[in-house]
Amino acid sequence: MGEGVFVKGVLKSQDVLKQILLSEKCSSSFMKVVPFEDGDWIKKSEDLYWFCLLEIEGRSLDYSRIEERRLAVEKLAEFHAESFGLKMEGIRIVSLKNKWMNRLMKFEESLCNHPKRDHELIKRYTTLGRQVLEQMDEELVFMETKAVEEGCIIHGDPAHHNFVFNRSQLRLIDGDLISYAPREYDFLQLMNRMLPYSNWSLYEWGQYDNPAIKTILNKPYLVKLLAFPADFYREWLVDTDGREQLLQKELEQHEKRYSFMLNLFGKSLSCQDITD
């Protein structure tokens, strides 16, 4: 092929097809899918569907650097613009409330007989999760329905390692979680990942001239979603051997994060609600 490639395998052929389409439509923001040397785009082997991706030399973004946080925001917005309107079968439809209810349920199940189940931080984050879910507005359902109708696609996992960066380009990679959903959902997740590096303050986000970010900051039912500790639940469930380290890491930022969470709710969520 003349250029470096790497091969990736997925469980469903539809997951390959959607990434091929996105590669064509999002030529400036998404990874490039290329055919095998014999011209085939997909090969099946060992119950997996394999496809080729053009290799990009570079590194992941560093969210501790404000300039690279800005690059991520800009590239994610570019991906949303390029992918907008794409319609095809096999792209997931997101219900954020259902997704988060399932994650919280699994988190609570994992606490049964766990020695840390009565840890104050665990109790607070469990109750916070419940409170956020209880107050999720029906407006979200309207936004999700509109996103499907318009063909609004989100990446679904804007983690630092899903950006490849070098001096000449920046690309999103790994489209496994691509879904039809409001753009705000990608930015909520991005903010959740970046807030530890911006001192748990929304000031930096108010400086962006980005319609989705402005909507989040100006709509109470959206900005409150930043109080849901999705990242904590995710890491707890994925890395069962690292739970003690996760608790220690979270305790180091807990005072600022917890204050941030309570401020998002204002008077609608009291300290008594959290400690009960």
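Residues numbered from 1 in each chain as written. Predicted model: local features only at pLDDT ≥ 70, side-chain atom pairs only at ≥ 80, totals over all residues. Heavy atoms only, no water.

Peer 1: Would you take a moment to explain the packing of helix α2 (residues 66–83) against helix α6 (residues 183–194) for this structure?
Peer 2: For any two helices packed against each other, the geometry is given by the interaxial angle and the distance between the axes. Axis separation between α2 and α6 bottoms out at 11 Å; the angle between their running directions is 165°. Judged on the interaxial angle alone, α6 and α2 are roughly antiparallel. For the element pair α2 and α6, the recorded crossing hand is right-handed. In this structure, α2 contributes Arg69, Ala72, Val73, Leu76, Ala77, His80 and Ala81 to the contact, and α6 contributes Arg183, Asp186, Phe187, Leu190 and Met194. (Axes fitted to C-alpha atoms, helices over the stretch in contact; angles between N-to-C directions. Helix = DSSP H or I, 4+ residues; strand = E, 2+ residues; numbered from the N terminus. Parallel < 35°, antiparallel > 145°, perpendicular 65-115°, else oblique. Left-handed = near helix turned anticlockwise from the far one by under 90°. Contact = heavy atoms within 4.5 Å.)

Peer 1: Would you mind showing me how to read the packing of aromatic side chains here?
Peer 2: How two aromatic rings sit relative to each other is set out by the distance from centre to centre and by the angle between their planes. Summed over all chains, the structure comprises ten aromatic pairs. When the ring of tryptophan 205 is compared with that of tyrosine 208, the centres are 5.4 Å apart and the planes differ by 45°; the resulting orientation is tilted. In terms of burial, tryptophan 205 and tyrosine 208 fall into one category: buried. One aromatic cluster is present, formed by Trp100, Phe107, Tyr125, Phe228, Phe232, Tyr233 and Trp236 through successive ring pairs. When the ring centre of phenylalanine 36 is taken as reference, the NZ or CZ atom of lysine 43 above it lies at 5.4 Å. (Phe/Tyr/Trp six-rings, centres within 6.5 Å; stacked < 30°, edge-to-face > 60°. Buried < 20%, exposed > 50% of the residue type's maximum accessible area, 1.4 Å probe, protein only. Lys NZ or Arg CZ within 6 Å of the ring centre and 35° of its normal.)

Peer 1: How should I be thinking about the pattern of salt bridges in this particular structure?
Peer 2: In a structure, side chains of opposite charge can pair up when their charged atoms sit close to one another. Enumeration according to the criterion identifies 18 salt bridges in this entry. One salt bridge connects lysine 8 with aspartate 174, and the closest N-O pair in it is separated by 3.1 Å. Here lysine 8 is found in strand β1 (residues 5–10), whereas its partner aspartate 174 is found in the loop between β8 (170–172) and β9 (179–180), with 166 residues between them in sequence. Using a relative accessible area of 18% as the deciding quantity, one classes lysine 8 as buried. A relative accessible area of 25% places aspartate 174 in the partly exposed class. (Salt bridge = Lys/Arg side-chain N within 4 Å of Asp/Glu carboxyl O.)

Peer 1: Would you mind showing me how to read the side chain of lysine 8 here?
Peer 2: There is a polar contact of 3.1 Å between the side chain of lysine 8 and the side chain of aspartate 174. Of note is the side chain of lysine 8, whose polar atom sits 3.1 Å from the side chain of aspartate 176. Once residues within four sequence positions are removed from consideration, lysine 8 is found in contact with Tyr49, Trp50, Phe51, Leu53, Asp174 and Asp176. (Polar contact = N/O pair within 3.5 Å; in protein donor to acceptor, adjacent residues only side chain to side chain.)

Peer 1: Help me understand the state of the cysteines in this model?
Peer 2: Think of a disulfide as a covalent bridge from one cysteine sulfur atom to another cysteine sulfur atom. Across all of its chains, the model carries zero disulfides by this definition. Cysteine 152 takes part in no disulfide bond, and the closest cysteine sulfur, belonging to cysteine 26, lies 12 Å away. (Disulfide = S-S within 2.5 Å.)

Peer 1: Which parts of the structure should I look at to understand the sheet that holds strand β5 (residues 92–93)?
Peer 2: In a beta sheet, neighbouring strands are held together by backbone hydrogen bonds and run either parallel or antiparallel to one another. A sheet is described by the order of its strands in space; here three strands give the open sequence β5-β9-β6, paired in mixed fashion. Edge positions in the sheet fall to β5 and β6 (153–154), since each has one partner strand and no second. Of the strand pairs in this sheet, β5 and β9 are connected by two bridges, and their pairing is parallel. Counted as the bridge partner of isoleucine 93 is tyrosine 180 from β9. (Pairing = 2+ DSSP bridges.)

As far as function goes, none of this settles anything; it's purely spatial.
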